[in-house]
Each structure stands twice: as C-alpha cells, then as structure tokens.
Amino acid sequence: MKVVNLKQAILQAWKERWSDYQWAINMKKFFPRGTTWDILNLAEALLEQAMIGPSPNPLLLSYLKYAISSQMVSYSSVLMAISKFDDFSRDLCVQSLLEIMDMFCDRLSCHGKAEECIGLCRALMSVLNWMLRCAAFYTEKMKEPLEQGSAENQLTMCLERLAKILGSTKNRALIHIAKLEETRTWLVVLWERASWSAIEQSLSKLGDNLGHISNSQLQSQAEECIGLVKSIPTMLSVHAEQLNKTGFPTIHAVVLLEGTMNLTGEPQPLVEQLMMVKRMQRIPSPLFILEIWKACFVGLIESPEGTEELKWTAFTFLKIPQVLVKLKKYPQGEKDFTEDVNCAFEFLLKLTPLLDKADQRCNCDCTSLLFQECGKQGLLSEANMNNLIAKRTADREHAPRLKSPENANIQPNPGLILRAEPTVTNILKTMDSDHSKTPEGLLGVLGHMLSGKSLDLLLAAAAATGKLKVFARKFIKALLFDISFLMLCHVAQTYGSEVILSEAGPPGEVPFFETWMQTCMPEEGKILNPDHPCFRPDSTKVESLVALLNNSSEMKLVQMKWQEACLSISAAILEILNAWENGVLTFESVQKITDNIKGKVCSMAVCAVAWLVAHVRMLGLDEREKSLQMIRQLATPLYAENTLQFYSERVVIMSSILEHMCADVLQQTAANIKFSATGVVTMPYWNFLPAKKPIKECWVDSRSIHIFDTFFYWFCNNLVKELLKETRKEHAMRAVELLYSIFCLDMQQLTLTLLGHILPNLLTDSSKWHMLMDPPGKALAKLSVWCASSSYSSHNKGQTSAWQRKRHREDIEDYTSLFPLDDTQPSKLMRLLSSNEEDTSILSSPTDRTMSTSLSASQLHTVSMRDPLNRVLANLFLLISSILGAKTAGTHTQFVQWFMEECVDCLEQGSRGSILQFMPFTMVSELVKASTMSSPRIVLAITDLSLPLGRRVAAKAIAAL
C-alpha cells in the first residue's frame, strides 16, 4: 500500500505544482518515521512518472534532484532507476538522465552498511551496461545520413559520462567487485540485464559500430572507454617492470645455490621459485633469462676441478634448458618466449670477458653448444640459433687464443656431458636385460663406467636429467657386488643418500646396501656408534672371516656371501686391532691382512674403514695411532700385479670413497693420509674457514654456500642486524636481494625465525623502533614479505628442496609452545593483543556475520593452524592489526604500511591462498586510513574476493574512499 500511496503523493505534488522544498516536507508528513525511501523505490517512482511523455517532466525531475541533494535517496537507487530506462530514441529523456548522473558520478560514495555498498557496486555495473547500450544505439543510428548530426551529439554526451565513470579507479574497482559477486551468487537471476556477459555483448556491439563514427576524436574516446571496460577483470594484474636495472643478484644467487646444492632435484620447484622472484622484483623476461645464464657461467668458472665442475656443466647444459622449457609454459602475455630467450642471448653475447673466461675454463665454445641445445629443446628458432652462433664465432676470432697448448688434447666437459646424456639412457636399457647367465656383458658395461671420469660424467648427466635415482636402483639390483657397491657409495657421497633410499611403499625386503648405508656408512653430520648391533654380526662368521684374512694368501669366500663378509668385517677388524694392540699380531701380519682385504674385494675395505672411522671418534687422541695406521694401510693401493678385472679402476673409486669417509676424523686429529690414487685435488670444502670480513662484505659463491649451511642460525640474526645498519637506499635494497638468496638455504625455518621472533621483538619494543626507519626498515619489510610469500607458496605446493630436507640439525624452536593449538589457551601474542583491542564489528547488517577482531579469510577457508608457518603468519597479522588500531603511531606503524604495500606488490593475479588470507578483516578499515594505502586497487588486493564477506569488506572500504 505504501508503494501505491507513494505514486499518489507524486501525482498530487505534480497536480498542485509543489516546489521541491514543499514536496520534501509533505512527503515526510505522508510517510512518518522509519520510512526508507530506497525500500519504497522513490527514485524509480519519480523517474517512471517523469519519463512518461516524449520529453521529461521538469517538475518531477526537480523533485528527484532535490532528493539526491538532500540524500533522501542513495546513489545506487538512482543509478538502478536510470538503468531501467530503455527507450533511447527519446533524446531529451536520455539527456536528462545523463545530466542527473553529472550531479554525483564524480564523487560516488557510500558510508552505510556493507550490503548497501554491495548495492552500489551492482548499480554501477547496471548503469555501465545501460551507457554501453546507449552508446551502441547512437553509433548504429550514425549509419543513417539524416540522423548523423543528432546521433553524434547524443553519443558525445554519452561517451563523456562513460569516460568520467570509467576514468575513476574507485568506480572500476566497485564494478570489479560486482562482477565477482555476480559469478559467485544466484543474484544474477534478479539483475540479469546487469550481468557481465550482458556488458560484454553491449561492448561487442559498440565495437562493431565504431566504423560508423566519422569524428576521429569521438572514435578515439569510444575506443578508450572500451579498453577501460575490458581492463576491469584484470585490474589487479598490471605490474610495471623494472626497466632501470640490469643486474638481479637474487636470481643469480638462487641459480648458484641450486647448481651447487641440488643438481638431483626436480626442476619444478626451481621454476616456481624463479617465477616468484621474477614477479616480486618485476624483472623483464629477457633480463630474467639473461641473469640465469650469467649465474650458470659464473658457476662454471668458479667451480672446483673434478666432480663439482662436472656437476656445474651438467646443470648448465642439461638442467637449465629443461627449466626454460617449463618456464615457457607460463603465461607470457602477448610476448613470444623464444624471442625473450633470443633477446637474452643477444645481451649475453655482449659480455665478452665472461664468455671468454668460460670458454677458456671449459676448453670449448660454450655458448655455441648452449645455442644448439636450446635449439633442440625448441627454445630458439633455427634462424636465431644460426645467427647467434655466427656472432659468437666472429667474436672469438678477435679474442686471444682460447685454447692453450697444455690442454689442447683434453676433451671439453660440455661436449662430454652432452654425449653422456643419451649414453645414460642406453646403459639403463642394457641393465634392464637379463644377465644372470652371462654376467660378462654387464661387467664390461660397469667396468668401463669406472674408467677415467666416465662414472662422474654419467652420474652428473643422470642427476641433471632426473634419472639418477633410477640409475642407483639399477646398481642395487646388479649381480656384480663389488663394482656396484663402490658405485653406490660414490653416488651417496656425491649426491646424498636420499638418491639411494627406496620410495615409501608396502613393506618388503630392504636391499643390503640401503641397510648398510643407513646404519654403517659415515656421512657429514652423522655420528655412528661402533658398538651398534649392525657392527656385531654372527660370531661364528666373524671367526671364520678372521681365519681367512689371517691365513689365506688367496682369499676365497666359499661358505660366505659377499654381503655377510661386509657385515662381519667390522667385528673382524676389531679382533685384529685388539690382537695388534696386545702384541699378538705384528705390523707385518696386520699389513698382510689389510692387503688381503683390499686386494680382492674393495667394498670390504670400504666397510672396514667405515667402522674404523666410527671407532676412532670414540678414542682419545693418544689412543688413535694404530687405528689410523690401519686406515692408512687400507687406503694405500696394492702396487703388485693384480689379476682382478678393472682392479685399478676400482682402487681409484675406493680411494675417493675413503677420502670422503675419513675427512672429519683427519681434521680432528690433524693426521695426514695420502689418497694418492684419486688423482684429484683435496676435498674443496673441508678445512675452508670463514673469511675474516664483516658479514655485509661477504659474497655468495658456490664455496661459501657450504660454509653458510653450517652456522646458519647465528648468521640469520646477524644478517638482519647488518641490514638495519644500512643508511643508503641502494645498499639496503642490494642487501635485501642477497639476504633473500641466502635465506633460500633453509627458507622455511629462517622465515619462522624472522616472522615469529625477530619482527615481533622489533615491533613490540619501543626502544628498537628507531631501527625501523627508512631505508633499512622499508628494506626489512620487503625481505619479510619475500620470505613469507616464498615459504607459504612452496609449503603449500610441497616443494621443499631435497637438500633442505636432508640437513641434519635440531629445529630452532618448538613453535607449539609459543603458538598453542588450543584456541582456549591464547598465545603470548594473543594475550598481548587482547589488552587494548575492542571487539567491534565493521559490518552492521543483520545478515552479516558478526566479526571478532581476529576473523580472517584463512579461518573461513579452514586453513590448519597446526602448521607452524600458518600460526606464525596468523599471529604476525594480529600484531600488525593491533599496531594499526593503537592510539600511538611511530616508525613501527610506518613499517606495517610498508609491509602491507609489499604484500600487494608481490600478489599474484588470481591466486587464492596468499599470506594476506591471514589478515583480519577488521584491518582493512584501519589500513585505508593511511594515505599510502587508501587506494581502491590496494583494497581489492588485500581482501579475499572469493569470499562473500571479503567482497563486502572491500566494497565498504572502497565506497567510503
């Protein structure tokens, strides 16, 4: 009845010619107290009556204008009423509607409830569709010569208003929310005309009619409006690239770290990490690819001779092309990835000193081999590949002679690695065949693998192409015990024991080598107990083995399997050592026994030294002499003629294995054992002490990575202290890039330290707030967000590198005690926050869920708080929220704003589940009060728009700007 009465009141006002002021007074008399004019659709009723004739009724329009000015009606109700007018042929009516929009479209706002703000979003989307239909109608009319003049005037008026509405980021953000609201609710049924698909249809129609516009200025304005509408769905994805920088140390260090520590790892985690750094630092694609190649060449040049050099060669020539193939699959926009690769190589060719040094080190034309490999992988077109090869060949002609006389006959590693890759596949096929009846063929294959550096070449190629684990499993199943045992020891020492271990599966018989490796083999950081049951086998077998070793010049194990002999040798060596120390055996007798051990089965010598290393660790310094002498005897090769096939090759690999095993013990005792058979330089990373330089002067290279891995948690704290001492912006930013790359060594644990301890201490201790000033404070905010984003992303995808998982160390803290799981027992931070927080709700609509100050998107997505990283993030955002809501401000408040700005900059378009989901919804209204954060784009970025509550929070915050 109220609606009927409303129409009657409007008609009465028109008949009696009330003034707008008189009309307003009388309306309030007719509809006393509590009447909501929007619920009565006052704006729609006035427009409906005003637009009955061919031209609008000026008196009724004056009532509407007065209602708008006096805020009797909301902007959203007026816009919805305008969007329902369909007869575009009535030019005067359309003009009047456009003029009404001029009253408020440049200052659209809503300070009401969240649902009212969502209503404004929908109304804007409706009126956008109405204006596009209007523009399309007049462009269609321009085909008719007689109508062209009036149609052009109408189109001009329409496009001016359209440009004004779309020119506002705030309006586009509200329309963006309306689009998301439509796709996720049933309300599209109620406002179908305003759906985004309807807008796309109107947009298409307008685009088709652009050719009818003869006025170039008008056509340009229409095209601009179309572009703005099309940009609305992707308005969060636009990030400007850094064009003023050419060096990106983080990419360099991440690649260097991967090449040094994780050749065997799957390429996908590296790809994800590189893409995250590219996005966070907004690196243009060609410079991004260039930095990857620069890091590879530096790694090649710096790598120590021997196995490490082969690893780097395999990483550069085999693994990185695979990584680029995966990067090619990521969206590149309108750019062609192969062109970016070509552009990166063009830049690389200008770095002549770097390329010359790499060519000199590798004894070949490295870049040309790389171009060919990239051409095979489809990363370079044939024309571009040939062009790059020609340029580098010409450049090399002008360089000093890169081939020195002394290494002219040495085959270059890159060529050997590239040839080794298909050889790996062939060997795997050979080992799949049945060799039980004719093992000679398999012996030939494995024997030749041991010669020279063939084994290291093949292992490096297998590691870089993801075949090493398969390779190792084949060795375990091989029938030739001694050679395969030595190969597996070498693989475990070079690439880590994880490569050998079986995949988790149904329980079954564990292979002998796997058992021996886990319980008996010395590894860096693993302490063995020489009295462990694994070193105490069946006593009768030990006795028979001791007898054989002591008496037989021709050692024949008839009644004992090789694996039994290897398990029994530790106890046998203990017997022999005790007899020697007690004077029962002479030095010559012991030497005869050790010769017997190493002369026939090298793997037994390895097992004997493994126990001796564990035994020596338990002895005092003055008790170690005879044990060390026995190790020295076992490590010294037999120079007498030996009939065992491939004996010299076996001795070389045995010596290498023993050198690795004994390194820690020899370092402790300052003993010197010469492993002459290896023919390579001493282990490159042991006995390498930290440089006596301040931390900020240290540079990350492949050697220092191994050092950092050892004393890392002390280092982390000091790194942050050094960062906070920087006073120049460029130095602080460079420090952030280097610190992030160092944190990659153990990103998960160091992020927990940084976000769970260091930041809360800085933010809650007023005596430390001065340390958070710009530039160091801003740099620390950037580092914190980079680490948090990287950790959360890799953690969610389960992409922790194998070398991180295998590190032997204690957890830095029990995070459960700091952040309890039980919500009824608030953590230290929660108690800190509850002291000055008011439990206010930012949404007052009765249909909205009442919100506590801690409610966040993560809770609505039911993210598990049992995870330490999730708990640390949730508590950090609660702390940030309390700082924003506090009555006192300072540098810590500014730090929080920098932190949030960086979160927005690092946000990936379309990604659900970023670290911002841990932010309480109540923070949004606090953040927009800060001038740097009062941007519609930022509000869209920091709220989870996949949730109804998130969209309402965003709409409320943006509508109030």
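See the structure printed just above.
Below is a short write-up of the structure. These numbers were taken from a predicted model, which means no experiment stands behind them.

Things to note about the overall build of the protein
No. 1: Each helix and strand counted, the protein has 45 helices and zero strands in total.
No. 2: Classification of the 961 residues of the protein by burial places 54% in the buried group.
No. 3: Pairs at least 24 apart in sequence give 77% of the contacts found in the protein among residues at least 6 apart.
No. 4: Summed over its atoms, the accessible surface of the protein is roughly 42700 Å², and 52% of this surface lies on carbon and sulfur atoms.

Describing the packing of helix α36 (residues 776-796) against helix α41 (residues 868-885)
No. 1: Direction vectors running N to C along α36 and α41 enclose 145°, while the axes themselves pass 11 Å from each other. The element α36 and its partner α41 pack so that their crossing is left-handed. Taken together, the residues of α41 that come into contact with α36 (itself represented by A788, S791, Y792 and H795) are L869, N870 and L873.
No. 2: Of the residues that constitute the contact of α36 with α41, the class distribution is four nonpolar, three polar and no charged.

A few points about the packing of aromatic side chains
One pair of aromatic rings is described through two measures. These are the centre distance and the angle between the planes.
No. 1: Evaluation of the coordinates by the stated rule reveals 19 aromatic pairs.
No. 2: On the numbers, 5.8 Å between centres and 50° between planes, the contact of F88 with W130 is tilted. Of this pair, F88 sits in the loop between α5 (75-83) and α6 (91-102) while W130 sits in helix α7 (residues 114-141), and the two are 42 residues apart along the sequence. The two residues F88 and W130 agree in class, both being buried.
No. 3: Measuring from centroid to centroid gives 5.9 Å for F877 and F899, while their planes differ by 70°, and the two rings are edge-to-face. Here F899 lies in helix α42 (residues 891-906) and F877 lies in helix α41, a separation of 22 residues in the sequence.
No. 4: On the basis of relative accessibility, which here comes to 0%, the residue F877 falls in the buried class.
No. 5: A residue is classified by how much of its surface remains accessible, and F899, at 1% relative accessible area, is buried.
No. 6: Ring pairing ties together the aromatic residues F481, F485, F512, F513 and W516, which thus form one cluster.
No. 7: Over the ring of Y495 we find K311; its NZ or CZ atom is 4.8 Å from the centre of that ring.

Focus on the environment of E291
No. 1: Mapped onto the fold, E291 is located in helix α14 (residues 285-302).
No. 2: Linking E291 and T250, residues 41 residues apart in sequence, is a C-alpha distance of 9.3 Å.
No. 3: Setting aside residues up to four positions removed in sequence, E291 forms contacts with T246, G247, F248, I251 and H252.

Quick notes on the pattern of salt bridges
No. 1: Tallying each qualifying case throughout the model produces 33 salt bridges.
No. 2: Between E160 and R161 there is a salt bridge, with the nearest N and O atoms lying 3.6 Å from each other.
No. 3: Of the charged contacts, one joins K294 and E291 as a salt bridge, the two residues approaching to 3.4 Å between their closest N and O atoms. On the criterion of helical spacing, the pair formed by K294 and E291 is a turn pair, its members being three residues apart in helix α14.

Let's talk about the nonpolar core
No. 1: Within the largest apolar cluster, 319 residues are counted, with the highest numbers of intra-cluster contacts made by W23, F471, W516 and L780.
No. 2: For this core, the leading source of residues is α7, giving 16 residues.

Describing the environment of A610
No. 1: Within the element layout of this structure, A610 appears in helix α29 (residues 602-617).
No. 2: Between the C-alpha atom of A610 and that of P530, which follows or precedes it by 80 residues, the distance is 9.4 Å.
No. 3: Ignoring sequence-local partners within four residues, the contact set of A610 consists of W516, C520, P522 and M661.

Focus on the side chain of S856
No. 1: On the secondary structure map, S856 appears in the loop between α39 (828-834) and α40 (857-860).
No. 2: Apart from the residues lying within four places of it in its own chain, the contact partners of S856 are Q917, F918, M919, P920 and F921.

Here we look at the environment of D86
No. 1: By the element assignment, D86 lies in the loop between α5 and α6.
No. 2: Separated by 47 residues in sequence, D86 and R133 place their C-alpha atoms 9.2 Å apart.
No. 3: Within the structure, D86 has its side chain in polar contact with the side chain of R133 (distance 3.1 Å).

Structural notes on α6
No. 1: Between the first and last C-alpha of α6 there are 17 Å, a value that for twelve residues agrees with the 16 Å anticipated at 1.5 Å per step.
No. 2: For α6, every residue scored as buried is listed here: C93, V94, S96, L97, L98, I100 and M101.
No. 3: Where the residues of α6 are buried, they touch α3 (42-50), α4 (58-69), α5, α7 and α8 (148-166).

What counts as what
- Residues numbered from 1 in each chain as written.
- Predicted model: local features only at pLDDT ≥ 70, side-chain atom pairs only at ≥ 80, totals over all residues.
- Heavy atoms only, no water.
- Helix = DSSP H or I, 4+ residues; strand = E, 2+ residues; numbered from the N terminus.
- Buried < 20%, exposed > 50% of the residue type's maximum accessible area, 1.4 Å probe, protein only.
- Contact = heavy atoms within 4.5 Å.
- Areas by Shrake-Rupley, 256 points an atom, 1.4 Å probe, with all protein chains shown as cover.
- Axes fitted to C-alpha atoms, helices over the stretch in contact; angles between N-to-C directions.
- Left-handed = near helix turned anticlockwise from the far one by under 90°.
- Nonpolar A, V, L, I, M, F, W, Y, C, P; charged D, E, K, R; others polar.
- Phe/Tyr/Trp six-rings, centres within 6.5 Å; stacked < 30°, edge-to-face > 60°.
- Lys NZ or Arg CZ within 6 Å of the ring centre and 35° of its normal.
- Salt bridge = Lys/Arg side-chain N within 4 Å of Asp/Glu carboxyl O.
- Core = buried A, V, L, I, M, F, W, Y, C linked by side-chain atoms within 4.5 Å.
- Polar contact = N/O pair within 3.5 Å; in protein donor to acceptor, adjacent residues only side chain to side chain.
- Expected span 1.5 Å × (residues − 1).

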